[in-house]
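Understanding the architecture of this molecule
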Amino acid sequence: MRRARRWLLPLTLLLAMLLTIVPLPQPIAPWRPHWLALVMIYWQIETRALRGLGQPFALGLVLDLLTGALLGQHALGLVIINFLVGRFRNRIRFFPIWQQTLIIGAVLFNDRIVNLWIVGLVERGWPGWNWWLPPLTAMLLWPWLYLAMDRMRLAWRTGR
């Protein structure tokens with residue numbers, strides 16, 4: 001059972017990466033949330049499993065390779081997200097879910113601003129209004145994702 005518990009974190013991170021690269025129909029593709037960031041935020045809040053900044057950096061590099069983004073773009077964003085959530089973890093953890101949702105939204109909007117800065121540095125043009133949709137989707141999904149992952153983590157911890 002102890003070995004099975006060790007696999008839950010990498011399994012959920014892998015699932016988040018798969019959800020990131022699954023093709024979506026064109027009308028709903030701009031709404032895709034930042035799955036890896038959401039899963040990483042959950043683990044940072046609940047277990048502090050991603051304490052250092054090296055793991056989020058490595059996950060971001062893998063995500064850059066999977067999505068074809070500029071190498072380091074997601075890595076920088078995930079490092080900043082992990083730092084912010086880790087820094088305020090003790091406060092975020094005890095907020096009601098609706099306040100957590102607002103904080104997660106602010107953190108993910110910050111990530112979009114960092115990505116906008118990177119896109120501006122490489123002169124790829126100014127993104128459209130749908131650039132800001134993923135944090136909104138993530139805010140809508142956060143309560144449900146949090147509850148589902150919490151239930152899964154507790155079930156694996158108790159062996160049910």
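Residues numbered from 1 in each chain as written. Predicted model: local features only at pLDDT ≥ 70, side-chain atom pairs only at ≥ 80, totals over all residues. Heavy atoms only, no water.

Quick look at the pattern of salt bridges
To keep it simple, the criterion reads: In the sections that follow, a salt bridge refers to a side-chain nitrogen of Lys or Arg positioned within 4 Å of a carboxyl oxygen of Asp or Glu. A run of DSSP states H or I qualifies as a helix once it reaches four residues; a run of E qualifies as a strand once it reaches two. Both are numbered from the N-terminal end. Throughout this description, buried means an accessible area under 20% of the type-specific maximum (1.4 Å probe, protein chains only), exposed means over 50%, and partly exposed covers the range between.
Under the defined criterion, the tally for this structure stands at 2 salt bridges. The closest approach of N and O atoms between E46 and R153, which form a salt bridge, is 3.1 Å. With E46 in helix α3 (residues 35–46) and R153 in helix α8 (residues 133–158), this pair connects stretches of sequence that are 107 residues apart. Residue R153 is classed as buried on the basis of its relative accessible area, which comes to 13%. Overlapping salt bridges bring together E46, D150 and R153 as one network.

Here we look at the packing of aromatic side chains
Going by this rule: For Phe, Tyr and Trp, where Trp contributes only its six-membered ring, two rings pair if their centres lie within 6.5 Å, and the inter-plane angle classes them as stacked under 30 degrees, edge-to-face over 60, or tilted in between.
One pass over the full model with this rule turns up 4 aromatic pairs. Seen in terms of ring centroids, Y42 and Y146 are 5.6 Å apart; in terms of plane orientation they differ by 70°. Their pairing is edge-to-face. Linking Y42 in helix α3 with Y146 in helix α8, this pair joins segments that are 104 residues apart in sequence. Y146 shares its class with Y42; the two are buried. Their ring planes at 25° and their centres at 6.3 Å tell us that F109 and W132 sit as a pair that is stacked. Residue F109 is found in helix α7 (residues 97–121), and its partner W132 is found in the loop between α7 and α8; the two are separated by 23 residues along the sequence. The exposure class assigned to F109 is partly exposed, which follows from its relative accessible area of 25%. Taking relative accessible area as the criterion, W132 reaches 29% and is therefore assigned partly exposed.

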